[in-house]
Amino acid sequence: MEAQAIPLFAASHSGTTTVGPVILLGAPGAGKGTQAKRIAEYYGIPQISTGDILRENIRLGTELGKAASSLMERGELVSDDLVCQMVARRVAAPDCALGMILDGFPRTVNQAEWLDKHLAEYHFFETERGRKRPVVVQLVVEYNQLLRRLTGRRTCPACGRIYNVFTTPPNADGVCDVDGVTLVTRKDDREEVIAERLKNYEAQTLPLVSYYSGQKLLTVVDGAGDPDEITAEAFKAIEHGDRL
Ligand code: AMP
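Residues numbered from 1 in each chain as written. Predicted model: local features only at pLDDT ≥ 70, side-chain atom pairs only at ≥ 80, totals over all residues. Heavy atoms only, no water.

S.K.: What's the story with the site of the ligand in this structure? I'm lost.
M.R.: Around the ligand there are 16 residues in total, and Thr50, Arg55, Glu76, Gly104 and Gln111 lie nearest to it. Within the side chain of Thr50, an N or O atom sits 2.8 Å from a nitrogen atom of the ligand. Within the backbone of Gly104, a nitrogen or oxygen atom sits 2.9 Å from a nitrogen atom of the ligand. If the ligand stood free it would expose 490 Å²; the protein chains cover 96% of that surface. Among the elements that line the shell around the ligand, the one with the most residues is helix α2 (residues 50-60), at 4 residues. Classifying every residue of the shell around the ligand gives 6 nonpolar, 4 polar and 6 charged. (Near = heavy atom within 4 Å. Polar contact = N/O pair within 3.5 Å; in protein donor to acceptor, adjacent residues only side chain to side chain. Areas by Shrake-Rupley, 256 points an atom, 1.4 Å probe, with all protein chains shown as cover. Helix = DSSP H or I, 4+ residues; strand = E, 2+ residues; numbered from the N terminus. Nonpolar A, V, L, I, M, F, W, Y, C, P; charged D, E, K, R; others polar.)

S.K.: What is the right way to look at the pattern of salt bridges in this model?
M.R.: Side chains that differ in sign of charge can pair as their charged atoms come close. All chains considered together, the criterion is met by 14 salt bridges. With a shortest N-O distance of 3.0 Å, Arg186 and Asp188 are connected by a salt bridge. In this structure, Arg186 and Asp188 share a single accessibility class: buried. Among the salt bridges present, the one from Glu196 reaches Lys199, with a minimum N-O distance of 3.4 Å. Remark: Lys199 and Glu196 occur in helix α7 (residues 191-205); sequence separation between them is 3 residues, near one turn of the helix. Through salt bridges with shared partners, one network takes in Arg153, Arg186, Asp188, Asp189 and Arg197. (Salt bridge = Lys/Arg side-chain N within 4 Å of Asp/Glu carboxyl O. Buried < 20%, exposed > 50% of the residue type's maximum accessible area, 1.4 Å probe, protein only.)

S.K.: I would appreciate a short explanation of the nonpolar core in the present structure.
M.R.: Across soluble globular proteins, you tend to see nonpolar side chains buried next to one another. Counting 29 residues, the largest nonpolar core has Met100 and Tyr212 as its most contacted members. Residue assignment for this core shows that the elements contributing at least two residues are β1 (20-26), α3 (63-74), α4 (80-91), β3 (99-103), α5 (109-121) and α8 (207-214). Considering each element in turn, this core owes the most residues, 5 residues, to α4. Excluding residues within four positions of it along the chain, Met100 makes contact with Gly20, Pro21, Val22, Ile45, Pro46, Ile48, Val91, Leu119 and Phe125. With 27 residues, the next largest nonpolar core counts Ala36, Ile39, Leu198 and Ile238 among its residues. (Core = buried A, V, L, I, M, F, W, Y, C linked by side-chain atoms within 4.5 Å. Contact = heavy atoms within 4.5 Å.)

S.K.: So what exactly am I meant to see when it comes to the pairing of β1 here?
M.R.: For β1, a buried count of 7 out of 7 residues is recorded, marking the element as mostly surrounded by other parts of the structure. Summarising the sheet, β1 and β3 pair through 5 bridges and their orientation is parallel. Directly across from Leu24, in β3, lies its bridge partner Asp103. Bridge analysis of β1 against strand β6 (residues 135-140) gives 5 bridges, and the strand direction is parallel. The residue of β6 that forms the bridge with Gly26 is Leu139. (Pairing = 2+ DSSP bridges.)

S.K.: Would you mind showing me how to read the pairing of β3 here?
M.R.: Working note: regular strand, side chains alternate between the two faces of the sheet. Across the 5 residues of β3, 5 count as buried, placing the element largely inside the fold. Burial along β3 is two-sided: the residues Gly99, Ile101 and Asp103 and Met100 and Leu102 are all buried. Here 3 bridges tie strand β2 (residues 47-49) to β3, and the two strands are oriented parallel to one another. If you follow Gln47 over to β3, its bridge partner there is Ile101.

S.K.: Just to check I follow, could you spell out the packing of aromatic side chains for this structure?
M.R.: Any aromatic ring pair is given by two values, namely how distant the centres are and how the planes are angled relative to each other. In the structure shown here, the tally under the stated rule is 6 aromatic pairs. When the ring of Tyr42 is compared with that of Phe235, the centres are 4.5 Å apart and the planes differ by 25 degrees; the resulting orientation is stacked. You can see Tyr42 sitting in helix α1 (residues 32-43) and its partner Phe235 sitting in helix α9 (residues 227-240), a full 193 residues away along the chain. Take Phe235: its relative accessible area is 0%, and that puts it in the buried class. When the ring of Phe105 is compared with that of Trp114, the centres are 6.0 Å apart and the planes differ by 85 degrees; the resulting orientation is edge-to-face. Here Phe105 falls in the buried class, since its relative accessible area comes to 0%. Clustering of aromatic rings is evident, with ring pairs tying together Tyr42, Tyr43 and Phe235. (Phe/Tyr/Trp six-rings, centres within 6.5 Å; stacked < 30°, edge-to-face > 60°.)

Spelled out as structure tokens, the structure:
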């Protein structure tokens, strides 16, 4: 069947159909956050970034934040148990009723298995045609470009907008275009930590590629290309994926 063109950033999706879980898979710096925001906005479903939730817990000084903080600063993964409990709480919220974009989760095969079980057990995304299975979009970017993206990344602590000093710098050095707030570099975007994060990605997260491709749920996208084209590919996977 001819794929139907999907208007990019048209007002929005209807907001009433079940989209189901959309999983963005990719190394740190592959562009998951940027794409997650676009998809979330278009479909009217939440972006669930486990990294953002953990950073918020650190900021608030919660027990979870205390447990996660030193691991994150070293570029290591937080335990599956803690992260799965955190995701269970988040996906129980009413805004996840029609779907959600998982950005940075699952990151291990254990987490993926937990997610499958959890969604089935709690009857997530059941439609008259059956239960919507995840759409998994893998953003592939080569190592040197990832390094460049991560070392150049600056974030606005007020609005969350992401810049890159090499490729998408703000108009004025070090300051957000939107609200004039001073941009920050994430603690784990230092070079020695980046190497650890990329190593952990290969060892612990890459096995998810065969986990999901084995279930015919995976769409592989060149994450180095034009961000609008990447979004279009993700939309296509969501609209046309045969996931029932
Ligand atoms: P991110 O913002 O996705 O790059 O995540 C930042 C850090 O948070 C990671 O390096 C991990 O330490 C931690 N983290 C985020 N998501 C997960 C996850 N699904 N499992 C374990 N640790 C995670």
